Amino acid sequence: MKNKFYTYILQLQDQICSGLEAVDGVAKFREDIWERPEGGGGRTRVIENGEVFEKGGVNISAVHGKLPEAMQKMFNVGEADFFACGLSLVIHPKSPMVPTVHANWRYFEMYDDNGNVINSWFGGGQDLTPYYLFEEDAKHFHQTCKTACDKHNPDFYPKYKKQCDGYFWNAHRNEARGVGGLFFDYCKETESMKMLDWYNFVTEVGNSFLEAYLPIVERRKDLTYTAAQKTWQEIRRGRYVEFNLVHDKGTLFGLKTNGRIESILMSLPPYVQWVYDHHPEANSEEEKLIKVLENPVDWIAP
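Residues numbered from 1 in each chain as written. Predicted model: local features only at pLDDT ≥ 70, side-chain atom pairs only at ≥ 80, totals over all residues. Heavy atoms only, no water.

Before going further, it helps to spend a moment on the overall build of the protein. Looking only at helices and strands, one finds 10 helices and 9 strands in the protein. On the principal axes, the C-alpha backbone points of the protein span a range of 60 × 40 × 40 Å. With 302 residues in all, the protein has 55% of them scored as buried. Taking as baseline every contact in the protein between residues at least 6 positions apart, the subset at least 24 positions apart corresponds to 69%. Positive and negative charge centroids in the protein, built from 34 and 43 side chains respectively, lie 0 Å apart. (Helix = DSSP H or I, 4+ residues; strand = E, 2+ residues; numbered from the N terminus. Buried < 20%, exposed > 50% of the residue type's maximum accessible area, 1.4 Å probe, protein only. Contact = heavy atoms within 4.5 Å. Lys, Arg positive; Asp, Glu negative; His and termini not counted. Charge placed at Lys NZ, Arg CZ, Asp CG, Glu CD.)

The subject of this paragraph is the sheet that holds strand 4 (residues 81-93). Spatially, 1-2-3-4-5-6-9 is the arrangement adopted by the 7 strands of the open sheet, whose pairing is antiparallel. For this open sheet the edge positions go to strand 1 (30-35) and strand 9 (180-187), each flanked by a neighbour on one side alone. This sheet shows a mean twist of 5 degrees between the axes of neighbouring strands, independent of strand direction. When strand 6 (residues 117-129) meets strand 9, the two strands line up antiparallel, connected through 6 bridges. Residue Gly125 lies in a different strand from strand 9, and its bridge partner there is Phe183. Along the sheet, helix 4 (residues 156-167) makes contact with strand 6 and strand 9, crossing strand 9 at roughly 100 degrees. Where helix 5 (residues 195-207) meets the sheet, it contacts strand 5 (100-111), strand 6 and strand 9, and its direction lies at approximately 20 degrees from that of strand 6. (Pairing = 2+ DSSP bridges. Axes fitted to C-alpha atoms, helices over the stretch in contact; angles between N-to-C directions.)

Counting buried positions over the 9 residues of strand 2 (residues 40-48) gives 7, a clear majority of the element. By the bridge criterion, 6 bridges tie strand 1 to strand 2 in an arrangement that is antiparallel. Following the sheet pairing, Ile33 is matched in strand 2 by Arg43. Remark: 4 residues form the turn of the hairpin made by strand 1 and strand 2, two consecutive strands paired antiparallel; Gly39 in that turn has positive phi of roughly 140 degrees. Pairing analysis gives 7 bridges linking strand 2 to strand 3 (residues 53-66), with the strands arranged antiparallel. Note that in strand 3 the partner of Gly41 across the bridge is Ala62. Between strand 2 and strand 3, which pair antiparallel one after the other, the connecting turn spans 4 residues, and Asn49 there sits at a positive phi close to 55 degrees.

What follows concerns unusual backbone geometry. A positive phi angle is found at Asn174, which is not glycine, with a value near 60 degrees. Here Asn174 lies in the loop between strand 7 (169-170) and strand 8 (175-176). Positive phi is not limited to glycine here, since Tyr186 has a value of about 50 degrees.

As for its position among the elements, Gly25 is in the loop between helix 1 (2-24) and strand 1. Taking C-alpha positions, Gly25 is 40 Å from Ser120, a pair spaced 95 residues apart along the chain.

Our next topic: the pattern of salt bridges. Across all of its chains, the model carries 24 salt bridges by this definition. A salt bridge links Arg43 to Asp14; its shortest N-O distance comes to 3.4 Å. Of this pair, Arg43 sits in strand 2 while Asp14 is found in helix 1, placing the two residues 29 residues apart along the sequence. A relative accessible area of 17% means that Arg43 is categorised as buried. Among the residues examined, Asp14 registers a relative accessible area of 35% and is labelled partly exposed. One connected set of salt bridges, linked through shared partners, spans Asp14, Glu31, Arg43 and Arg45. (Salt bridge = Lys/Arg side-chain N within 4 Å of Asp/Glu carboxyl O.)

The next point concerns the side chain of Lys55. In this structure, Lys55 sits in strand 3. Summary of buried charges: Lys55 has no salt-bridge partner, and the nearest side chain of opposite charge, Glu48, is 5.5 Å away. Of the polar contacts made by the side chain of Lys55, one reaches the backbone oxygen of Leu268; its length is 2.7 Å. If we skip the residues at most four places from it in the chain, Lys55 touches Ile47, Glu48, Val90, Ile91, His92, Leu265, Met266, Leu268 and Pro270. (Polar contact = N/O pair within 3.5 Å; in protein donor to acceptor, adjacent residues only side chain to side chain.)

Another point: helix 1. An ideal rise of 1.5 Å per residue puts 33 Å on 23 residues; helix 1 measures up with 33 Å between its terminal C-alpha atoms. Along helix 1, the positions that sit buried rather than exposed are Phe5, Tyr8, Ile9, Leu12, Gln13, Ile16, Cys17, Gly19, Leu20, Glu21, Val23 and Asp24. Count one or two residues on from helix 1 and you reach Gly25, which has phi positive near 80 degrees. (Expected span 1.5 Å × (residues − 1).)

So, in structure tokens, the structure goes:
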């Protein structure tokens, strides 16, 4: 399974990078191949200073070795060997009218002293973080997520949408990071879902990513915007940074397993502002976004 999924994310990285480059029309991804001293490595691809995308990364990694002590405590296990691979992406557009997007699909194995797999699971998801709220964009993103989920289980979309709303929550701000999407983790084998079934589901979601995001980019990338709207984008990006450094499990996992710092922190945008005690004007488009972020919305009518 680990070889099957690693082969898949190699191909998915190529597919997503090609799609994003085509929309940008100017910038190309720069590639770094890196190795982890304790075992494994990855292929980092970063796009910067494009016509549409200010900064973004589409990274894959496959790491293995002894499970670090911090991770032993997290999983409540003793010493063990592990393997983890996944694709993680964050795209920060230049225009405040185009939303930031994040996605991740991953697979994890743990082994006993004889090298036998004693535990394995999939995880992942995709979520949207707009700076200005276009409801049709949120609905399109969620409908694409739901369509992918429904092919496997009608319960998946409401369950993983709710988990996404709960996970991407800036508790210290009491607001959502964005308008959500899907989040799932510890997807293990059961009587009704074998590991191959989980593989088919996770890859279905991965394959839906460009369909979920690119139409939104195409609709919004040529809209005009003001300097004040750009400032608002940078203030909101501050909340994105706060979430990634305070709450995000993937970032913490990378830091605790001696991951490659440049790859882990590529999720951070290049231009950010923290304005003291900032509040948007009453009844403004900016306030409209904030009100939506305070209470998760069901974007698809039942």
